[in-house]
Structures are given as C-alpha cells and as structure tokens.
Amino acid sequence: MLTFPLPIAEFGRNAIQTAKQVLIQRVREAERERVFKEYSDKIGALVRGVVQQVDRGNVIVKLDHSEGFLPAREQIARSYHRQGEYVRAVVINVDRSAKGPQVILSRTHPDFLRRLFESEVPEIAESIVEIKAVAREAGSRSKISVYSTDPRVDAVGSCVGLKGSRVQSIVRELGGERIDIVPWSQDPSVFVSRALSPARVMDVRVNDPDKRMVVVVADDQLSLAIGKGGQNARLAARLTGWKIDLISKSEEKKRQDLERATRVEVEKLEMGEATTEKLISAGIETLQDLMATPLEKLVEIPGIGDKTAEKIMSTAHEYLAAHPPVAPGAPAGELEFTPEMEAATDAATDVVTAPPDASAAPEDAPASEGGARG
C-alpha cells in the first residue's frame with residue numbers, strides 16, 4: 001500500500017462539497033444505527049424523559065440519546081402531559097423510519113406496571129419476590145400475582161409496603177388506577193379463588209380439558225365477583241389463563257336439584273345383570289353417563305362388542321323417549337334435558353326438546369340474571 005498525501009488546497013470546490021456531504025451522511029447513518037441498537041435492547045424497559053412537545057394528543061419525549069414517541073392510544077385515560085415535565089414509560093417498539101429510528105413508548109402496557117413494581121419493590125429487583133402475571137385495564141383497574149421464593153418473606157406485604165407506601169406511589173404514577181395484588185398459587189382452583197377477590201368463593205369445579213372453571217359464590221357476592229361491567233371476572237380470567245363461569249349459590253342448588261331429579265340408574269334399563277355390571281365397572285352408572293359416552297368407547301369395554309353396544313344405545317334411546325325427564329316444578333309436557341343428554345339425543349335421534357325452563361341460567365346470560373363469563 002502506497003500513501004500519497006493530497007493537500008486540501010489542491011481540491012476543487014465540487015470535490016470539497018462532495019466530501020463534506022458524504023461525511024455528514026455517514027455520521028448520521030452511524031448515529032441512527034447506534035440509537036436503533038441501543039433502544040432495540042431496551043424493549044420492555046422503563047425509561048424516563050422530558051416532555052418536549054404535545055401534538056394532537058401525541059407526546060414527543062426527549063430521552064438521553066433520542067426522542068421517544070408516546071401515542072395517544074398508549075396514554076392513560078384522563079392524563080395530561082405538559083411541556084417540560086418528566087414522564088416515565090416503557091419501550092414497546094423501535095420503528096426504523098426514513099428520518100431515523102423512532103422509539104415508541106407506552107404507559108398502558110402491562111409491562112409498564114411490572115417495571116414500576118420492580119423499581120419500587122427491592123425484593124422484586126433482587127428476585128426474592130417474583131411477578132407471575134399481570135392483567136390490566138389501564139386507567140381503571142389492574143391485577144398482579146406475586147410469589148415469594150423465600151418463605152420468610154411475604155410477597156403481598158413486600159409489594160404493599162409500610163402503610164401502603166410502595167403501592168400508593170405506583171397508584172399515583174398511574175393516575176389513581178386500582179391495583180389488586182394476588183398471591184400466586186400452583187393450585188389453579190386456589191389461584192382463581194384469590195384472583196376473584198374481593199369476592200369470597202364457596203366452591204370451584206375444574207374442567208381441565210377445556211381450561212374452564214365453574215365458580216360458585218354466595219348470592220350477595222355475585223355482583224362483587226363480576227365487577228362493574230364484568231371487569232373483575234374479566235381481569236381474573238386474564239390473570240389466571242382460565243375461562244371462568246360465575247354462578248350464584250341459588251342457581252347451583254337449582255342445577256343440583258335438576259341433576260338429582262333427572263338421574264336414572266342404568267339398572268332401570270333392564271339390560272341384564274351381566275351387561276349392567278360391565279357398564280358400572282367402566283364408570284357408567286347412570287343414563288346420563290351412558291348418553292354422554294360415544295359408541296366407540298362402549299365397544300372398548302371388555303365383554304361388550306359392536307352389536308351389544310348398539311343394543312345398549314338403542315335401549316337407552318327407547319327408555320329416554322318413553323320416560324322424558326321433567327324439570328322439578330315444570331308443567332307436564334315441558335322437557336328439560338341436561339346438556340350431555342341433549343347433545344347425545346340430537347346426534348342419535350330426532351327427539352325434539354321444548355325450550356329450557358327460564359329458571360336455568362343460560363351460558364351467556366348477563367350478569368343481572370345470575371351468570372357471567374370471564
């Protein structure tokens with residue numbers, strides 16, 4: 001490599017102008033790349049800046065080495081930002097645009113609440129207390145589940161602080177947003193019961209395949225469990241990851257009475273002692289259980305072949321047609337099938353059922369009628 005010094009004085013005007021433009025362009029590109037890399041690594045992190053400009057609800061925030069963009073949709077409702085005041089937010093994206101990377105900020109994202117707790121609670125920063133899940137409706141209400149890895153440390157008490165000092169500072173930052181701190185549990189039924197606080201849960205029925213729970217509460221606790229506009233149940237479902245069906249104690253009693261009234265033992269089908277014993281040994285003790293069992297499952301029972309299984313189902317349909325179950329207190333002629341019986345009957349026969357009794361709460365009934373879905 002041979003080096004020949006070129007005095008700048010010998011350059012022409014055009015050459016100097018071109019060199020200047022190339023140098024400025026390369027510096028700008030390097031600056032944009034540095035900002036993009038810096039804030040790409042900070043996605044989900046808490047940042048603090050000064051409000052530089054407010055334009056049509058959108059806020060431009062001056063950060064350390066760049067400008068942040070806080071859109072109106074990412075701001076807490078009823079919050080106002082004035083030029084020159086400090087604001088905290090979480091980085092949710094870095095948009096590489098033609099004018100340079102744009103850092104997108106948010107104050108409504110669940111990670112913003114998570115980072116606030118990490119900054120306010122030393123036990124969380126030291127990994128003694130873990131935040132398991134966050135469910136949030138910004139500006140209104142949030143639920144956060146916490147767990148302590150040290151049995152000597154109270155997870156909820158650490159987040160609340162002395163006389164509520166820690167959580168109150170977060171509430172002020174969020175403009176008065178209500179925060180429910182829920183102790184996490186490995187048992188889903190216990191976790192869901194805690195997540196529905198302040199309502200007290202009486203009983204929980206778990207349906208693992210559908211990831212669904214039926215939660216029974218006292219009649220005077222139903223509206224509290226549902227919350228305003230279904231908010232409490234909705235947040236509890238997001239926090240736990242389970243679908244929650246709320247039902248009052250009186251509705252649960254009606255369901256149990258109906259179940260007992262329509263319960264038919266398989267012995268009444270008179271299919272023979274040997275066949276009845278085989279069904280009972282397989283866990284099929286009632287007509288309802290039999291109607292809910294597919295034909296291919298019946299064939300798998302030892303000692304029951306294809307013809308026997310078909311005969312059993314035919315006998316069950318004949319008995320059901322001759323002895324339709326009647327809801328307690330329902331007028332004669334109005335049929336009330338359990339969901340399992342109704343599905344099996346519709347699939348196998350042409351039996352037409354009358355509309356269900358109004359006392360049975362439909363699955364998607366409004367909160368005022370005793371049912372709610374989280």
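The structure presented is a predicted model; accordingly, all values stated were derived computationally and were not measured. (Residues numbered from 1 in each chain as written. Predicted model: local features only at pLDDT ≥ 70, side-chain atom pairs only at ≥ 80, totals over all residues. Heavy atoms only, no water.)

Asker: Hey, could you go over the sheet that holds strand S5 (residues 100-106) for me, with residue numbers and the actual values?
Answerer: Here we have 5 strands rolled up into a closed barrel, ordered S1-S2-S3-S5-S4, and mixed in their pairing. When the angles between neighbouring strand axes are averaged without regard to direction, this sheet yields 50 degrees. On the sheet, helix H1 (residues 13-40) packs against strand S4 (86-97) and S5 and is oriented at approximately 120 degrees with respect to S4. (Pairing = 2+ DSSP bridges. Helix = DSSP H or I, 4+ residues; strand = E, 2+ residues; numbered from the N terminus. Axes fitted to C-alpha atoms, helices over the stretch in contact; angles between N-to-C directions. Contact = heavy atoms within 4.5 Å.)

Asker: I'd like a description of the packing of aromatic side chains, backed by residues and values.
Answerer: Under the defined criterion, the tally for this structure stands at 1 aromatic pair. Here the aromatic rings of Tyr147 and Trp184 are separated by 5.3 Å at their centres, their planes lie at 75 degrees, and the arrangement is edge-to-face. Residue Tyr147 is found in strand S7 (residues 141-148), and its partner Trp184 is found in the loop between strand S8 (178-183) and helix H6 (188-195); the two are separated by 37 residues along the sequence. Positioned above the aromatic ring of Tyr86, the side-chain terminus of Arg48 is 4.0 Å from the ring centre. Note that Lys132 overlies the ring of Trp184, its terminal NZ or CZ placed 4.6 Å from the centroid. (Phe/Tyr/Trp six-rings, centres within 6.5 Å; stacked < 30°, edge-to-face > 60°. Lys NZ or Arg CZ within 6 Å of the ring centre and 35° of its normal.)

Asker: An account of unusual backbone geometry is requested, with residue identities and associated values reported.
Answerer: Omega for the bond connecting Ser197 with Pro198 falls within 30 degrees of zero, at 15 degrees, which places this linkage in the cis form. By the element assignment, Pro198 lies in the loop between H6 and strand S9 (201-207). The backbone phi angle of Ser127 is positive, close to 65 degrees, even though this residue is not glycine. The topology assignment puts Ser127 in the loop between helix H3 (122-125) and strand S6 (129-137). Unlike most non-glycine residues, Lys163 shows phi in positive territory, near 55 degrees. Structurally, Lys163 is set in the loop between helix H4 (155-160) and helix H5 (165-173).

Asker: I'd like to hear about H1, residue by residue, with values.
Answerer: For H1, which comprises 28 residues, the first-to-last C-alpha distance of 41 Å matches the rise-based estimate of 40 Å (1.5 Å per residue) to within 8%. Buried within H1 we find Val35, Phe36, Glu38 and Tyr39. Against S4 and S5 lie the buried residues of H1. (Expected span 1.5 Å × (residues − 1). Buried < 20%, exposed > 50% of the residue type's maximum accessible area, 1.4 Å probe, protein only.)

Asker: A description of the sheet that holds S8 should follow, citing residues and the corresponding values.
Answerer: Strand order across the open sheet formed by 3 strands is S6-S7-S8, with mixed pairing between neighbours. A strand with exactly one partner marks an edge of an open sheet, and here the two such strands are S6 and S8. In this sheet, adjacent strand axes meet at a mean angle of 20 degrees when their direction is disregarded. Looking at chain direction, S7 and S8 are connected through 6 bridges and run parallel. The partner of Ser145 across the bridge, within S8, is Val182.

Asker: I'd love a proper account of the pairing of strand S3 (residues 67-70), names of residues and values included.
Answerer: As paired strands, strand S2 (residues 58-62) and S3 are joined by 4 bridges and run antiparallel to one another. When the sheet's bridge partners are listed, Ile60 is paired in S3 with Phe69. Counted between consecutive antiparallel strands, the loop separating S2 from S3 contains 4 residues. In terms of strand pairing, S3 meets S5 through 2 bridges, oriented parallel. Paired with Gly68 across the two strands is Val103, which belongs to S5.

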